[in-house]
Amino acid sequence: MFLQIDIPTPAPLPADSIRQVTQQILQQAQADPQTFWQGVLDSALRFGGKVIIALIIYVVGAWFIRYVKKILVRIFERRHTERTLATFITSFVSIMLTVLLILATIGTLGVDTTSFAALLTAGGMAIGMALSGTVQNFAGGIMLLTFRPFKAGDFIKAGGEAGTVMEVTIVSTKVLTPDNRVVILPNGSLFSGNIENVSAQPLRRIDWTISVEYGVDAQKCIDAMLEILHSDQRILTSADQRPVVHDRSGVIVDSKTPIPDPFVALASLNENDISFVAKAWVHTDDYWSTFYDLNKRFYTELPPQGFGFAYPHMDVNIVNHPQGDTSPKES
């Protein structure tokens, strides 16, 4: 209380309890005015000292919180941390420190903060239980923004969807599919599942499987397919320089390994055809255009050279028996 005076504690039940307390204070002041006003002065001085200390704690604490926020911003900028993650961590630290500062300030005034701490704990548990799914997505977002398996602009396959990443937030990831659909994937299931980042590397290998009919010259067919591959300028060879790639720490990786030359081989002997496999490396941005263009060239250029495409078929031999002759014939 503001006044710490030795007076009887009023009963809380009567409706006119405030009036009774007031009367008792007046009686105490009239009975011993010197003791009464001395008690008022002592209480005011003690409470005023607590207020001054509380103000000092609040001012110093507020300055310290701003200083911590500036330090965090500098660290995140130096490490090129994802902006969403940096903003979240800075805000979270600021809120937690502010709550602690408020509790410390109130405690300095003599208020029991145990009930406040219990209330905050109970409220946090209730919110966590009510938002369990959101908390899972929240944790997944922190992991995605920390480890960065993909970034905005990458083409990924995850959660049964494939598309270009538009935005990564703390709880979800927005993906634009090739047919112009916007899909929002929850970060919880996204991080716990498989993520295929198609755009992570500057080079990709294209695989073709070409089936032709039996009877063709295998080596000539291989040479013809290699000639088609080498004639396309988008196909890379060992003479080309592999792009320089930097990892997250700035170290150059995967720059001295030579690029494999285009490769064609007889892959399998099937029931109705034989299959050749062709492999070639291209820049990631040229993957689909090269794949479709060479599909068309294989289809249009191989048959004129005598390499016909096979298709499922069945040979049926019909034998005419003389009328009335049902006996089996040897063939």
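Refer to the structure printed above.
Reading the values: rules and limits
Residues numbered from 1 in each chain as written. Predicted model: local features only at pLDDT ≥ 70, side-chain atom pairs only at ≥ 80, totals over all residues. Heavy atoms only, no water. Patch = residues over 30% accessible without salt bridge, like charges linked within 9 Å, V, L, I, M, F, W, Y side chains within 5 Å. Areas by Shrake-Rupley, 256 points an atom, 1.4 Å probe, with all protein chains shown as cover. Salt bridge = Lys/Arg side-chain N within 4 Å of Asp/Glu carboxyl O. Lys, Arg positive; Asp, Glu negative; His and termini not counted. Charge placed at Lys NZ, Arg CZ, Asp CG, Glu CD. Helix = DSSP H or I, 4+ residues; strand = E, 2+ residues; numbered from the N terminus. Buried < 20%, exposed > 50% of the residue type's maximum accessible area, 1.4 Å probe, protein only. Core = buried A, V, L, I, M, F, W, Y, C linked by side-chain atoms within 4.5 Å. Contact = heavy atoms within 4.5 Å. Pairing = 2+ DSSP bridges. Axes fitted to C-alpha atoms, helices over the stretch in contact; angles between N-to-C directions. Phe/Tyr/Trp six-rings, centres within 6.5 Å; stacked < 30°, edge-to-face > 60°. Lys NZ or Arg CZ within 6 Å of the ring centre and 35° of its normal.

Chemist: Can you walk me through a positive patch on the surface in this structure?
Modeler: Among the surface-exposed residues, Arg66, Lys70, Arg74, Arg78 and Arg79 lie close enough to one another that they form a single positively charged patch. The topology assignment puts Arg66 in helix α2 (residues 33–78). What makes Arg66 partly exposed here is its relative accessible area of 48%.

Chemist: Honestly, the nonpolar core in this entry has me stumped. Any pointers?
Modeler: Core analysis: the biggest nonpolar cluster contains 24 residues, and Trp208, Met225, Leu229, Phe298 and Leu302 have the highest contact counts within it. When contributions to this core are tallied by element, the ones reaching two or more residues are β6 (203–212), α7 (218–230), β10 (274–283) and α8 (287–301). With 6 residues, the top contributor of residues to this core is α7. Ignoring sequence-local partners within four residues, the contact set of Leu229 consists of Trp208, Ile235, Pro262, Val264, Ala278, Ala280, Leu294 and Phe298. Among the nonpolar cores identified, the runner-up in size contains 12 residues, and Ile156, Ala158, Val165 and Leu185 belong to it.

Chemist: Would you mind showing me how to read the sheet that holds strand β2 (residues 161–168) here?
Modeler: Strand order across the open sheet formed by 5 strands is β4-β3-β2-β1-β5, with antiparallel pairing between neighbours. Strand pairing shows two members of the sheet lacking a second neighbour, β4 (182–186) and β5 (195–197), which therefore form its edges. Each strand of the sheet is rotated relative to its neighbour by a mean of 40°, with strand direction disregarded. The pairing of strand β3 (residues 172–176) with β4 spans 5 bridges and is antiparallel. Pairing of Leu176 across the sheet is with Val182, part of β4.

Chemist: Where do I start with a nonpolar patch on the surface in this structure?
Modeler: Among the surface-exposed residues, Ile52, Ile56 and Val60 lie close enough to one another that they form a single nonpolar patch of about 280 Å² accessible area. On the basis of relative accessible area, Ile56 is assigned to the partly exposed category, the value being 48%.

Chemist: Just checking my understanding: could you explain the packing of aromatic side chains for this structure?
Modeler: How two aromatic rings sit relative to each other is given by the distance of their centres and the angle of their planes. Counted under the stated rule, the structure contains 9 aromatic pairs. Centroid distance Trp208 to Phe291: 6.2 Å. Interplanar angle 10°. Geometry classified as stacked. Linking Trp208 in strand β6 with Phe291 in helix α8, this pair joins segments that are 83 residues apart in sequence. For the pair Trp208 and Phe291, one class covers both residues: buried. Taking 5.8 Å as the distance between ring centres and 80° as the angle between the ring planes, the aromatic pair formed by Trp208 and Phe298 counts as edge-to-face. Placement of the pair is Trp208 in strand β6 and Phe298 in helix α8, with a sequence separation of 90 residues. Of the two residues examined, Trp208 and Phe298, each falls in the buried class. Pairwise contacts between aromatic rings join Trp208, Tyr287, Trp288, Phe291, Tyr292 and Phe298 into one cluster. Over the aromatic face of Tyr287 sits the side chain of Arg204, whose NZ or CZ is 3.8 Å from the ring centroid.

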